[in-house]
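Per-entry structural report
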Amino acid sequence: ETLRAMATGRERCMYCEDSAATDIEHFWPKSQYPDRAFSWDNYLLACSGCNSNEKREQFPLDAAGQPLLIDPTVEDPRDHLTLSVRTGKYQPRRRDSQESPKGKWSIKVFGLDRDILEKGRVDAWHTIPALLVRYGAACDDQEWLLALEVQRTLCRTPFASVFVWFLDIAAGPHAARFIDARSLRVLAQYPDIRDWL
């Protein structure tokens, strides 16, 4: 139940954010690290696609023996990944001309570059403005139950990280290049939206 509460949206996978989280995943694989098999902080909720089909027993480590995969329970994936809102592709974040090793390995091991995931992120990007405009209209008309339902719908939508990216871009200097004026107006008028996730 605690893992379900930690998952985004409607109990989405902590890696791909698309599929239903059906598996208790051991971040440190139990076959290689049996001493961590029953450690609470080693549990994640994941889908069988990411857990069994993609990650399997892959667990790359750096020279110091630390994981080269993003643990979304203790790290912000945005520290290691960037999102192209036009293509839905994740790329490793670059710092000082270097790609984030965790970003690179996480994309590879979890299969975050699967076509279906990239299309889903693009779809999420295009869905968010429509829901925000609908939320703004409901609030303007004092239709509070509708506004609440739109909020719940947006927060349950797969690919919650796309909404986080959306809010980051909306707060930045180039927001108008990526986000329509109606959505930006709603975000300015109802700043509580930034605290929804």
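This section reports on the structure supplied with the text. Just so it is clear, the structure is predicted and the values come from calculations on it, not from any experiment. (Residues numbered from 1 in each chain as written. Predicted model: local features only at pLDDT ≥ 70, side-chain atom pairs only at ≥ 80, totals over all residues. Heavy atoms only, no water.)

In this section: the layout of surface pockets. Space inside the second largest pocket adds up to approximately 160 Å³. F27, W28, R36, S39, D41, N42, P67, L69, D71, V74, E75 and K102 are the residues that line the second largest pocket. For the lining of the second largest pocket, the per-class residue count stands at five nonpolar, two polar and five charged. (1 Å grid on protein atoms, 1.4 Å probe; cavity = no way out; pocket = protein on both sides within 12 Å on 5 of 7 lines; lining within 4 Å. Points joined across faces, edges and corners; volume = space filled by probe spheres on them. Nonpolar A, V, L, I, M, F, W, Y, C, P; charged D, E, K, R; others polar.)

Turning to the packing of helix α4 (residues 115-140) against helix α6 (residues 160-170), a few remarks are in order. Taken N-terminus to C-terminus, the directions of α4 and α6 make an angle of 60 degrees; their axes are 9 Å apart at the nearest point. Here α4 is positioned oblique relative to α6, judged by the angle of their axes. Crossing of α4 over α6 shows right-handed handedness. Contacts from R121, A124, W125, I128, P129 and L132 of α4 reach α6 at V162, F163, W165, F166 and I169. (Axes fitted to C-alpha atoms, helices over the stretch in contact; angles between N-to-C directions. Helix = DSSP H or I, 4+ residues; strand = E, 2+ residues; numbered from the N terminus. Parallel < 35°, antiparallel > 145°, perpendicular 65-115°, else oblique. Left-handed = near helix turned anticlockwise from the far one by under 90°. Contact = heavy atoms within 4.5 Å.)

Of all the positions in helix α2 (residues 48-55), only G49, C50, N51 and K55 are classed as buried. Its buried side turned inward, α2 meets β1 (23-26), β2 (43-46) and α3 (101-110). Just downstream of α2 lies R56, where phi reads positive at about 50 degrees. (Buried < 20%, exposed > 50% of the residue type's maximum accessible area, 1.4 Å probe, protein only.)

Further remarks concern the pairing of β2. The side-chain alternation of β2 yields two buried faces, one formed by Y43 and L45 and the other by L44 and A46. Sheet topology places β1 next to β2; four bridges connect them, and they run antiparallel. Along β2, the bridge assignment pairs E25 with L44. (Pairing = 2+ DSSP bridges.)

What tends to happen in soluble globular proteins is that the nonpolar side chains get buried as a cluster. Membership of the largest hydrophobic core comes to 48 residues, with the highest contact counts inside it found for Y15, L132, Y135, F163, F166 and I193. Of all the secondary structure elements, the ones that give two or more residues to this core are β2, β3 (81-83), α3, α4, α5 (144-156), α6 and α8 (181-189). Per-element tally for this core: the top contributor is α4, with nine residues. Here Y135 is in contact with A147, V150, Q151, V186, Y190, D192, I193 and W196, once residues within four sequence places are set aside. (Core = buried A, V, L, I, M, F, W, Y, C linked by side-chain atoms within 4.5 Å.)

Scanning the model with the defined rule gives one cavity of 30 Å³ or more in all. For the largest cavity, the calculated volume is near 40 Å³. What lines the largest cavity is A124, I128, L154, T157, P158, F159, A160 and F163. Mapped by element, the contributors of at least two residues to the lining of the largest cavity are α4 and α6. Residues belonging to the lining of the largest cavity are distributed by class as follows: seven nonpolar, one polar and no charged.

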